[in-house]
Amino acid sequence: MTEKVKGPASYFPSIEKTYGKPIEHWKALIRGQSGRKHMEIVNWLKAEHKLGHGHANALVAHTLAEKT
């Protein structure tokens, strides 16, 4: 039986379908924003790449959590 994905990663299939790019594409962009705060990156993704708030927030949260 497959375990249900929880947390920010649960948004990933929808993000890939909606925006037509793999998750790694978005994570690479986020990593390029080092030194910026979580919400600054979320707002940047929304403004520059037209992501919805929930999708941008999930990507940023998941990517920044990789550093810890």
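The notes below deal with the structure included here. (Residues numbered from 1 in each chain as written. Predicted model: local features only at pLDDT ≥ 70, side-chain atom pairs only at ≥ 80, totals over all residues. Heavy atoms only, no water.)

## Notes on helix α4 (residues 53-65)
And then number 1: For α4, spanning 13 residues, the distance from its first C-alpha to its last is 18 Å, which sits close to the expected 18 Å at 1.5 Å a residue.
And then number 2: Considered for burial, the residues of α4 that qualify are H55, A56, A58, L59, V60 and T63.
And then number 3: Where the residues of α4 are buried, they touch α1 (12-19), α2 (23-31) and α3 (38-49). (Helix = DSSP H or I, 4+ residues; strand = E, 2+ residues; numbered from the N terminus. Expected span 1.5 Å × (residues − 1). Buried < 20%, exposed > 50% of the residue type's maximum accessible area, 1.4 Å probe, protein only. Contact = heavy atoms within 4.5 Å.)

## Some points on the environment of I30
And then number 1: Note on placement: I30 falls in helix α2.
And then number 2: On a C-alpha basis, the gap between I30 and L45 in space is 8.4 Å, while along the polypeptide they are 15 residues apart.

## A closer look at the pattern of salt bridges
And then number 1: Within the structure shown, the criterion is met by three salt bridges.
And then number 2: Across the pair E24 and R31 runs a salt bridge, and its minimum N-O distance is 2.6 Å.
And then number 3: Overall, E24 belongs to the partly exposed group, its relative accessible area being 45%.
And then number 4: The exposure class assigned to R31 is partly exposed, which follows from its relative accessible area of 35%. (Salt bridge = Lys/Arg side-chain N within 4 Å of Asp/Glu carboxyl O.)

## Topic: the side chain of Q33
And then number 1: Within the element layout of this structure, Q33 appears in the loop between α2 and α3.
And then number 2: A polar atom in the side chain of Q33 sits 2.5 Å from the side chain of R36.
And then number 3: Those residues within four positions of Q33 in sequence are excluded, and the remaining contacts are I41 and W44. (Polar contact = N/O pair within 3.5 Å; in protein donor to acceptor, adjacent residues only side chain to side chain.)

## Observations concerning the side chain of H55
And then number 1: Along the chain, the position of H55 falls in helix α4.
And then number 2: Accessibility expressed as a relative area gives 15% for H55, which makes it buried.
And then number 3: For H55, the contacting residues outside a window of four places in its chain are Y11, S14, I15, T18 and Y19.

## Remarks on the packing of aromatic side chains
Given two aromatic rings, their pairing is described by the distance between the two centres and the angle made by the two planes.
And then number 1: What the rule picks out here adds up to one aromatic pair.
And then number 2: Between the aromatic rings of Y19 and W26, the centroid separation amounts to 6.1 Å while the plane-to-plane angle is 75°, which identifies the pairing as edge-to-face.
And then number 3: Take W26: its relative accessible area is 4%, and that puts it in the buried class. (Phe/Tyr/Trp six-rings, centres within 6.5 Å; stacked < 30°, edge-to-face > 60°.)

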